Amino acid sequence: MNDEVSTPTRRDALKASGGLAVATSLAGFGLSGLYAGESNTINIALVGCGGRGTGAAVNALSTQQGPVNLVAMADAYKDRLDSSYRSINNKRLADKVKVTEDKKFIGFDAYKKAIDVLKPGDVVIMATPPAFRWVQFKYAIEKGVNVFMEKPVTVDGPTSKKMFALGEESVKKGLKVGVGLMCRHCEARGEMFQRIKDGAIGDITLLRAYRLAGPTGNTPVRKKPENANELEYQIRHFHGFLWASGGAYSDFLIHNIDECCWMKDSWPVMAKSSGGRHYRDGYVDQNFDSYSTEFTFADGTKLYLEGRTIQGCHQEFASYVHGTKGSGVISESGHAPSHARLFKSHNMVDADIIWKCPENEPNPYQLEWEDLMKAIRQDKPYNEVKRGVEASLVTSMGRMAAHTGKVITRKMILDECDHEFAPDVDKLVLGGPAPLKADKDGMYSLPQLGKQLKAGEKLREYY
Ligand SMILES: NC(=O)c1ccc[n+]([C@@H]2O[C@H](COP(=O)([O-])OP(=O)(O)OC[C@H]3O[C@@H](n4cnc5c(N)ncnc54)[C@H](O)[C@@H]3O)[C@@H](O)[C@H]2O)c1
């Protein structure tokens, strides 16, 4: 399952994107370390200046692979951009923050203006809610710039199809694209994967993952205040709305699903889920507050997943693998550090440890950036889109199974269900209508499990 497929060279990419004129200023990237100076600088544009975008920009500026500057920022809303700018432009990084006032862009087309500031070889960070990913990625490909995009990269079957195709196009253009599934860059998990491949716990028979927490992110959403704009309200509370984020399931559970699929070295082909909303408490978002999914891989192996956002219950944030000769902790207590370890039993007690990762694990959010920058400077094939789409699609498959009450196969979600949550997301305008309408009481559509589909009607998650 190596998705870092061979790509054309950086020079080919520049040619293809019409960027050979600037190639002189980038010449030498393939000969890392043999040159220095201004032309060695990689410029960054940040699109989506929220919590993660700000963090990703700091990671980018902190890389140890050569000079990097932040030169443009874009957000739908000015207050978000301003606070992000203040946070990045701190004492430690100020000399790398070169965003002049005319390079701060606001609105739904701001991403284009920020990308236009870059040259082929530079990097745009995409950290808006995932609904906008395909729109912005398409433009970055046209402009021939490298990309770092946050997970999830899609929220349904049709957007996954679009992103698979765009991913292929970006590979053909030789673009380097990182996807923010940072656990894939964790050295401890990487070593564990290799040890499992080498037979340390025998054949994998079962995987388990849990993200059992209290309310997370902006999942619980109150009714929109009367004077607030509907579209802005949904975007600012994007975890609450499926079109924007894929909901709590897609946003929060994808990492644990992905790391389990990594260890299995495969993607599930079927999902069967249950879930429900125990407490509405006046909240109007489209999420369940508990989910449970049985994923099935092609060879019949199962991955069991539990997600919950209810306070006062058992809490666990971990992934586990079981094999014919032992078991393993893929991660525990969050994403990092992983505390990855393998056991010769299924009891997972210290006395049975056969391998454990070293302490002081490097931060995977930083590692994913070191890897991307290294690939750009050394002109090595580097494209994580296919893998990112697979992880996003499988996650949507689990969510869709919960919200429809049906068994959902990969074929169903990808080829048979043409329901796209926000097909016109590329046409949104500030102050304009939202893809999801509230009813007269300010409530949004919810899953209708078990209700008979009308004759000829296709499967969809919300009615
Ligand atoms: N890898 C991780 O562990 C991790 C952690 C947190 C978030 N994320 C991901 O990062 C993304 C952003 O999450 P966040 O927590 O930073 O959310 P956030 O709300 O803090 O930030 C999103 C930003 O995007 C802006 N925005 C929305 N639509 C836009 C558009 N069309 N054009 C320009 N700007 C737009 C918003 O105004 C906001 O500033 C999500 O996909 C999320 O899943 C990943």
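The structure we're discussing is the one just above.
Presented here is a report on the structure given in the accompanying data block. All values derive from a computational prediction rather than experimental measurement.

Mapping Glu370 onto the fold places it in helix α12 (residues 364-378). Engagement of the side chain of Glu370 in a polar contact is seen with the backbone nitrogen of Gln64, the distance being 3.0 Å. If we ignore the near neighbours within four places in the chain, the residues touching Glu370 are Ser62, Thr63, Gln64 and Gln65.

Contacts to the ligand come from 27 residues, most closely from Arg52, Asp75, Lys151, Asp251 and Tyr365. Here an oxygen atom of the ligand sits 2.6 Å away from a polar atom, N or O, in the side chain of Asp75. One of the side-chain N or O atoms of Tyr365 is found 2.6 Å from an oxygen atom in the ligand. Burial of the ligand by the surrounding chains reaches 90%, relative to a free accessible area of 840 Å². Placement of the ligand is best described as lying within the largest pocket. Classifying every residue of the shell around the ligand gives 13 nonpolar, 7 polar and 7 charged.

Two faces belong to every sheet, and in a regular strand the side chains alternate between them. Judged by which residues are buried, strand β4 (residues 123-126) turns out to be covered on both faces: Val123 and Ile125 on one side and Val124 and Met126 on the other are all buried. As paired strands, strand β1 (residues 42-47) and β4 are joined by 4 bridges and run parallel to one another. Bridged to Leu46 within β4 is Ile125. In this sheet, strand β5 (residues 146-149) lies alongside β4 in parallel orientation, the contact comprising 4 bridges. Paired with Val124 across the strands is Val147, a residue of β5. In terms of handedness, the path from β4 via helix α6 (residues 133-143) over to β5 forms a crossover that is right-handed.

To continue, consider the packing of aromatic side chains. A complete count under the given rule lists 9 aromatic pairs for this structure. Ring centres of Tyr111 and Tyr139 lie 6.0 Å apart, and the angle between their planes is 90°; on these two criteria the pair is classed as edge-to-face. On the criterion of sequence distance, the pair formed by Tyr111 in helix α5 (residues 110-117) and Tyr139 in helix α6 is long-range, its members being 28 residues apart. Relative accessible area serves as the criterion here: at 10%, Tyr111 is assigned to the buried category. A relative accessible area of 11% places Tyr139 in the buried class.

This paragraph deals with empty space enclosed by the protein. Across all of its chains, the model carries 4 cavities of 30 Å³ or more by this definition. The volume enclosed by the largest cavity comes to roughly 90 Å³. Along its surface, the largest cavity is lined by 13 residues, and Phe252, Leu253, Gly307, Arg308 and Thr309 are the ones closest to its centre. Put simply, the parts of the chain that give the lining of the largest cavity at least two residues each are β7 (204-213), α11 (247-264) and β10 (302-309). Counting residues per element, the lining of the largest cavity draws most heavily on α11, which supplies 4 residues. Here the second largest cavity is characterised by a volume of approximately 70 Å³. Of all the secondary structure elements, the ones that give two or more residues to the lining of the second largest cavity are α7 (157-172) and α13 (385-404). The residue inventory of the lining of the second largest cavity, partitioned by class, reads 6 nonpolar, 2 polar and 4 charged.

If you walk across this open sheet you meet the 6 strands as β3-β2-β1-β4-β5-β6, and the pairing is parallel. Two strands close off the open sheet at either side, each with one partner strand: β3 (104-106) and β6 (177-179). For this sheet, the mean angle separating the axes of adjacent strands, direction not counted, is 15°.

Note on sheets: strands pair through backbone hydrogen bonds, and any given pair is parallel or antiparallel. Pairing within the open sheet is mixed, and its 9 strands lie in the order β14-β13-β12-β11-β7-β10-β9-β8-β15. Edge positions in the sheet fall to β14 (353-356) and β15 (408-409), since each has one partner strand and no second. Helix α8 (residues 187-197) rests against β7, β11 (316-323), β12 (327-331), β13 (341-343) and β14 of the sheet, and its axis sits at about 155° to β12. Against the sheet, α11 touches β7, β9 (290-296), β10, β11 and β12, its axis set at about 160° to β7.

Another aspect to go through is the packing of α6 against α7. Axis separation between α6 and α7 bottoms out at 10 Å; the angle between their running directions is 20°. With respect to α7, the axis of α6 lies roughly parallel. Crossing angle aside, the handedness with which α6 passes α7 is left-handed. Counted together, Arg133, Trp134, Phe137, Lys138 and Ile141 of α6 and Thr159, Lys162, Met163, Leu166, Gly167, Glu169 and Ser170 of α7 form the full contact between these two elements. Split by residue class, the contact of α6 with α7 holds 5 nonpolar, 3 polar and 4 charged.

Cut-offs used in this document
- Residues numbered from 1 in each chain as written.
- Predicted model: local features only at pLDDT ≥ 70, side-chain atom pairs only at ≥ 80, totals over all residues.
- Heavy atoms only, no water.
- Helix = DSSP H or I, 4+ residues; strand = E, 2+ residues; numbered from the N terminus.
- Polar contact = N/O pair within 3.5 Å; in protein donor to acceptor, adjacent residues only side chain to side chain.
- Contact = heavy atoms within 4.5 Å.
- Near = heavy atom within 4 Å.
- Areas by Shrake-Rupley, 256 points an atom, 1.4 Å probe, with all protein chains shown as cover.
- 1 Å grid on protein atoms, 1.4 Å probe; cavity = no way out; pocket = protein on both sides within 12 Å on 5 of 7 lines; lining within 4 Å.
- Sits in = over half its atoms within 2 Å of the grid points.
- Nonpolar A, V, L, I, M, F, W, Y, C, P; charged D, E, K, R; others polar.
- Buried < 20%, exposed > 50% of the residue type's maximum accessible area, 1.4 Å probe, protein only.
- Pairing = 2+ DSSP bridges.
- Right-handed = clockwise from strand over helix to strand, strands pointing away.
- Phe/Tyr/Trp six-rings, centres within 6.5 Å; stacked < 30°, edge-to-face > 60°.
- Points joined across faces, edges and corners; volume = space filled by probe spheres on them.
- Axes fitted to C-alpha atoms, helices over the stretch in contact; angles between N-to-C directions.
- Parallel < 35°, antiparallel > 145°, perpendicular 65-115°, else oblique.
- Left-handed = near helix turned anticlockwise from the far one by under 90°.

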